[in-house]
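Residue-level structural notes
Below are the chains, spelled out letter by letter.
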Amino acid sequence: MKTENQNFVSGETVISIKDLYKSFGDNHVLYGVNLEVHNKENVVVLGRSGSGKSVLIKIICGLLKPDSGSVNVLGKEVELLNDRELQQLRLQIGFSFQNSALYDSMTVKENLDFPLSRHSKHLSRKERMLQIESVLDDVGLLQTMNQMPSELSGGQRKRIGIARTLILRPKIMLYDEPTSGLDPITSTEINNLINHVRHKFNTSSIIITHDLSCAKSTGDKVAMLFDGKFIKQGSFEEVFSSDDERIQNFYQYNFINN
């Protein structure tokens, strides 16, 4: 098992999920899920609404407990961690929410400073400001520092949400529907940003989406979730060359131009 200070090498497994089950009463949401994410790999989880995609990433973060199975993240068995250990693990996991989750009463700068001042208390105000400027530059929005979230476009809010997640330099990024509600041009910009984040910050990522363009642009591996289990995993081409009628129907419903 890795210690907190050890780094993972390229190709090594950073998330390992085995025989995962989760139900809410009689609703069986996850039914024997198996998934591996390797270091610096982007894995796209595709599925219809209600297929269990969001439940899966909440279990990875320790926000929900599985009924059975194991979830190992960065060398740690999540379900065995106490509250303090779980909090430490979460600091290494960046969660990009579907709605960006910015504080409306704070400027962009204050939104980014909030997690820094709370979790990186060793940094001076000047050092925090340098990090804020750097990460805003990484997402191409340095000029928005003193703006309020209400003054930003939907795409800009998505970018700022990603910047706030990156400010703590997580090892893993979890993206929840990153292109939802965006026009095609802005969606392409967000897809490019996800790839940029992986290369610049050496992150491993799970990208939850039903957007096939996003899946094709960002995913090293695609995992198709249907009725609580993965029915196909592989490259985008491997998954959608399947004769499985469920996969073909999903593709036709979400048709994209190649």
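Residues numbered from 1 in each chain as written. Predicted model: local features only at pLDDT ≥ 70, side-chain atom pairs only at ≥ 80, totals over all residues. Heavy atoms only, no water.

Take the packing of helix α3 (residues 108-119) against helix α5 (residues 154-166) next. α5 packs onto α3 with a crossing angle of 25° between their chain directions and a minimal axis gap of 8 Å. Viewed along their axes, α3 and α5 adopt a mutual orientation that is roughly parallel. Note on packing geometry: the crossing formed by α3 with α5 is right-handed. Of the residues in α5, those touching α3 at Val108, Asn111, Leu112 and Pro115 are Ile160, Ala163 and Arg164. (Axes fitted to C-alpha atoms, helices over the stretch in contact; angles between N-to-C directions. Helix = DSSP H or I, 4+ residues; strand = E, 2+ residues; numbered from the N terminus. Parallel < 35°, antiparallel > 145°, perpendicular 65-115°, else oblique. Left-handed = near helix turned anticlockwise from the far one by under 90°. Contact = heavy atoms within 4.5 Å.)

Here we come to the environment of Glu77. As for its position among the elements, Glu77 is in strand β5 (residues 76-77). Sequence spacing of Glu77 and Phe97 is 20 residues, and the spatial spacing of their C-alpha atoms is 24 Å. Among all residues touching Glu77, those that are not within four sequence positions of it are Ser70, Val71 and Asn72. Here Asn72 takes part through its side chain, which lies 3.0 Å from a polar atom of the side chain of Glu77. (Polar contact = N/O pair within 3.5 Å; in protein donor to acceptor, adjacent residues only side chain to side chain.)

Burial in α3 covers these residues: Val108, Asn111, Leu112, Asp113, Pro115 and Leu116. Packed against the buried residues of α3 are α4 (125-138) and α5. (Buried < 20%, exposed > 50% of the residue type's maximum accessible area, 1.4 Å probe, protein only.)

In terms of burial, strand β7 (residues 172-176) is largely enclosed, as five of its five residues are buried. Side chains Ile172, Leu174 and Asp176 project from β7 onto one buried face, and the interleaved Met173 and Tyr175 project onto a second face that is buried too. In terms of strand pairing, strand β6 (residues 93-96) meets β7 through four bridges, oriented parallel. Directly across from Gly94, in β7, lies its bridge partner Met173. Here β7 runs beside strand β8 (residues 204-209); their pairing, made up of five bridges, is parallel. Along β8, the bridge assignment pairs Tyr175 with Ile207. (Pairing = 2+ DSSP bridges.)

This part covers the sheet that holds β7. By definition, the strands of a sheet pair up through backbone hydrogen bonds, in either a parallel or an antiparallel sense. Strand order in this open sheet of six strands is β6-β7-β8-β3-β9-β10, and the pairing throughout is mixed. Each edge of the open sheet is held by one strand with a lone partner, namely β6 and β10 (229-234). Each neighbouring strand pair of the sheet contributes to a mean axis angle of 15°, computed without reference to strand direction.

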